[in-house]
Amino acid sequence: MQSIKVFIRWRPLSPSEASTPEITRTQHAHPTNNTSALSLTPPPSHKLSRPWKSESAFTRIFTANDNNKAVFEAVVAPTLPRVLNGQSCNFFAYGHSGSGKSHTIIGYDFEHADEFGLCLSAARALYEHLDQLNAAAGTNDNEKFLLGLRMYELRKNMAFDLLNDRCKCHIREGQDGKTHIRGETETLADGKVRVRPIVTKACATFDEFHAQLLEGIGRRATGTSTVHDQSSRTHAVFEVEIVTRELLDARDAVVERQSELVPVGKRATDIYLEENSKGFIQMPDGKFAPNPEYQINQAAIDEAEAKKAEFESYVQKAEEHVQEVKRTCPHACLGGKLAFVDLAGSEYYHDKGTVSTARAKQTPQEQQEGRQINTDLLSLKEVIRAMAQKQTRIPFRSSPLTMVLREHFLTGEGDDGFSAMILTASPSSEQYTATIDTLKYGNLIGVAGDKVKGRK
């Protein structure tokens, strides 16, 4: 089971908040397990609120003086050996709008490395290792290690591919029990039907990766929240995977074999239905009985089913080839993955104490989006809680967000996986309600994470 760590990152007061008192807060270090608790005292404007103290649930609390580089080195850098060993690690940024989530995951200063977001900093560090592997192995271009980038955002129950012109994608659970994100159905020649997955952009260099990231970020949706009018209205997922062109070609072959199977499978179904519709008649009492005037052509059904089985075997062979590429790779890093999740703002409720300035009234559509965001965030908490309690049924199906993240949580047994949540918090006393809600959510996650790790 994955370990889960929770961090707090306080942002500095903005220029418009310069005269605003800060939330009074005190950090308490645990004497034995290197974690911290946090105490908050409500500001005078919240006379009915009581002081709050968390449990020792936080791995580290970053101050407003800690830049993105400091956060990367403490949170992400220690996990890179896992990724280079083929494992998966997940990082979530959670907090209300304007608290610094996107700044942490993405960063907005793309000229100075110290302010790169976690995603870009991780890519730069991984390229240093991959360049060494490629230089030492002297492999051909088809076998060189690259970074594959996937970027998509979740809005309501849909996904949008940010590296494919915001192509609308559907979130479905397949027969294999895994969640698949697929684009629109394409009808090809000879009755073939192809449904492509989220696009993976193969980037050979850091500069290529940087350019693709910027392109995708430019397609993110924003809207009005209860905090500001350029709030992220979606959950954005950035997946960074160590790949080779050989691996990507093998995955594309699976999609092609699946497209070839569709018309063959449809024909087998059509023949079966047609023969059975002719072979049975409905009796006066409503029941069906064999039609004495027609003999079902079982040979035609068997022939069609045999053809379907043949094409299913092609799909299976293509899928096995994907696993063979991974298995025969001389380095364990192939398939190692990082997932960075910039969660939508968590403050979608009507609380007059959250902010001091008037904001544009939300439309019914925006209010509906807000309710979905809260549902997603609650579902994420319940998934982590269920994992902590080692329940046999983890409620991944309770929201599109948790369906998508299922693959990242269920990466293996033991210490094969790692997850971290970064709580971004505003020190402004005017945002006390939103901030304490963020910290309470993170406290529950942190306590659950301690149970996953077996720490008392």
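Rules used in this analysis
- Residues numbered from 1 in each chain as written.
- Predicted model: local features only at pLDDT ≥ 70, side-chain atom pairs only at ≥ 80, totals over all residues.
- Heavy atoms only, no water.
- UniProt positions renumbered as here; feature names shortened; annotations may be inferred.
- Helix = DSSP H or I, 4+ residues; strand = E, 2+ residues; numbered from the N terminus.
- Axes fitted to C-alpha atoms, helices over the stretch in contact; angles between N-to-C directions.
- Parallel < 35°, antiparallel > 145°, perpendicular 65-115°, else oblique.
- Left-handed = near helix turned anticlockwise from the far one by under 90°.
- Contact = heavy atoms within 4.5 Å.
- Nonpolar A, V, L, I, M, F, W, Y, C, P; charged D, E, K, R; others polar.
- Pairing = 2+ DSSP bridges.
- Expected span 1.5 Å × (residues − 1).
- Buried < 20%, exposed > 50% of the residue type's maximum accessible area, 1.4 Å probe, protein only.
- pLDDT = per-residue confidence, 0-100.
- Arc of directions from axis to C-beta.
- Core = buried A, V, L, I, M, F, W, Y, C linked by side-chain atoms within 4.5 Å.
- Salt bridge = Lys/Arg side-chain N within 4 Å of Asp/Glu carboxyl O.

**Things to note about the UniProt feature "coiled-coil region" (unreviewed entry) in the protein chain**
Logical step 1: Per the UniProt record, the feature "coiled-coil region" (unreviewed entry) sits at residues 301-328.
Logical step 2: Secondary structure across residues 301-328 divides into 100% helix and 0% strand, with the first and last C-alpha atoms of the span separated by 40 Å.

**What to know about the packing of helix α4 (residues 118-137) against helix α5 (residues 206-217)**
Logical step 1: It is at 10 Å that the axes of α4 and α5 come closest, and there the two elements cross at 160°. Here α5 runs roughly antiparallel to α4, going by the angle between their axes. As for how α4 packs across α5, the hand of that crossing is right-handed. Residues Cys119, Leu120, Ala123, Arg124 and Tyr127 of α4 form the contact with α5, whose own contacting residues are Phe206, Phe209, His210 and Leu213.
Logical step 2: Residues that form the contact of α4 with α5 fall into these classes: seven nonpolar, one polar and one charged.

**A look at the packing of helix α8 (residues 364-388) against helix α9 (residues 400-409)**
Logical step 1: Close contact between α8 and α9 brings their axes to 8 Å; oriented N to C, the two are set at 35°. Classified by chirality, the crossing of α9 by α8 is right-handed. Contacts between α8 and α9 involve Gln372, Asp376, Ser379, Leu380, Val383, Ile384 and Met387 on the former and, on the latter, Pro400, Leu401, Thr402, Leu405 and Phe409.
Logical step 2: Its residues assigned to classes, the contact of α8 with α9 comprises eight nonpolar, three polar and one charged.

**Notes on the sheet that holds strand β4 (residues 52-53)**
Logical step 1: Pairing is antiparallel across the open sheet formed by three strands, whose spatial order is β2-β3-β4. Strand pairing shows two members of the sheet lacking a second neighbour, β2 (24-29) and β4, which therefore form its edges.
Logical step 2: In this sheet, β4 lies alongside strand β3 (residues 36-41) in antiparallel orientation, the contact comprising two bridges. Looking at β4, one finds that Leu40 is bridged to Trp52.

**A few points about helix α7 (residues 298-328)**
Logical step 1: Given a rise of 1.5 Å per residue, 31 residues ought to cover 45 Å, and the 44 Å separating the end C-alpha atoms of α7 matches this to within 8%.
Logical step 2: For α7, the complete set of buried residues consists of Ile301, Ala304, Phe311, Val315, Ala318, Val322 and Val325.
Logical step 3: In this structure, the buried residues of α7 make contact with α6 (245-279).

**What about the UniProt feature "binding site: ATP" (unreviewed entry) in the protein chain?**
Logical step 1: The feature "binding site: ATP" (unreviewed entry), as annotated in UniProt, sits at Gly95, His96, Ser97, Gly98, Ser99, Gly100, Lys101 and Ser102 in this numbering.
Logical step 2: The topology assignment puts Gly98 in the loop between β6 (88-94) and α3 (101-105).
Logical step 3: The class of Gly98 is partly exposed, set by a relative accessible area of 41%.
Logical step 4: By the element assignment, Ser99 lies in the loop between β6 and α3.
Logical step 5: Given a relative accessible area of 2%, Ser99 falls into the buried group.

**Section: the confidence of the model for the protein chain**
Logical step 1: Of all residues in the protein chain, 89% have pLDDT values of 70 or greater, and the mean over the chain is 86.
Logical step 2: Confidence, expressed as mean pLDDT per element, reaches its minimum in the protein chain at strand β14 (residues 231-232) with 53 and its maximum at helix α1 (residues 68-76) with 97.
Logical step 3: In this model, residues 223-231 is a region of pLDDT below 50 whose contacts with residues beyond four sequence positions or in other chains number 36 contacts.
Logical step 4: Long-range and interchain partners of residues 349-359, a stretch whose pLDDT sits below 50, account for 23 contacts in this model, where long-range means more than four residues apart.

**As for α5**
An α-helical turn contains 3.6 residues, so any two residues separated by three or four positions project in the same direction.
Logical step 1: With 12 residues, α5 extends 16 Å from end C-alpha to end C-alpha; this agrees with the ideal 16 Å at 1.5 Å per step.
Logical step 2: Turning to α5, its buried residues are Phe206, Phe209, His210, Gln212, Leu213, Gly216 and Ile217. Mapping the buried residues of α5 onto a view down its axis gives an arc of 170°, with all of them on the same face.
Logical step 3: Each element contacted by the buried residues of α5 is listed here: α4, β7 (146-155), β12 (201-203) and β15 (235-243).

**Here's the deal with the pairing of strand β9 (residues 167-173)**
A regular strand carries its side chains on alternate faces of the sheet.
Logical step 1: When strand β8 (residues 158-161) meets β9, the two strands line up antiparallel, connected through four bridges. Of the residues in β9, the one forming a bridge with Met158 is His170.
Logical step 2: Hairpin connection between β8 and β9: a loop of five residues separates the two successive antiparallel strands, and Asp165 in this loop has a positive phi of roughly 55°.
Logical step 3: Bridge analysis of β9 against strand β10 (residues 179-187) gives four bridges, and the strand direction is antiparallel. Across the sheet, the residue bridging to Arg172 is His180, located in β10.

**As for the nonpolar core**
Logical step 1: Formed by 56 residues in total, the largest nonpolar core has its most connected members in Phe209, Phe238, Leu338 and Phe340.
Logical step 2: No other element matches the nine residues that α4 contributes to this core.
Logical step 3: Residues within four places of Phe238 in sequence aside, it is in contact with Ile105, Ile106, Cys119, Arg150, Met151, Leu213, Ile217, Leu338, Ala339, Phe340 and Asp342.

**Points about the pattern of salt bridges**
Logical step 1: Following the criterion strictly, the structure yields 21 salt bridges and no others.
Logical step 2: Close ionic contact of Arg25 with Glu22 constitutes a salt bridge, the shortest N to O distance being 3.3 Å.
Logical step 3: Given the relative accessible area of 44%, Glu22 is considered partly exposed.
Logical step 4: Ionic pairing is found between Glu239 and Arg150, a salt bridge with its closest N-O pair at 2.7 Å. Separated by 89 residues along the polypeptide, Glu239 in strand β15 and Arg150 in strand β7 bring together distant segments of the chain. Each member of the pair Glu239 and Arg150 is classed as buried.
Logical step 5: Through salt bridges that share partners, Arg150, Glu239, Glu241 and Arg251 make up one connected network.

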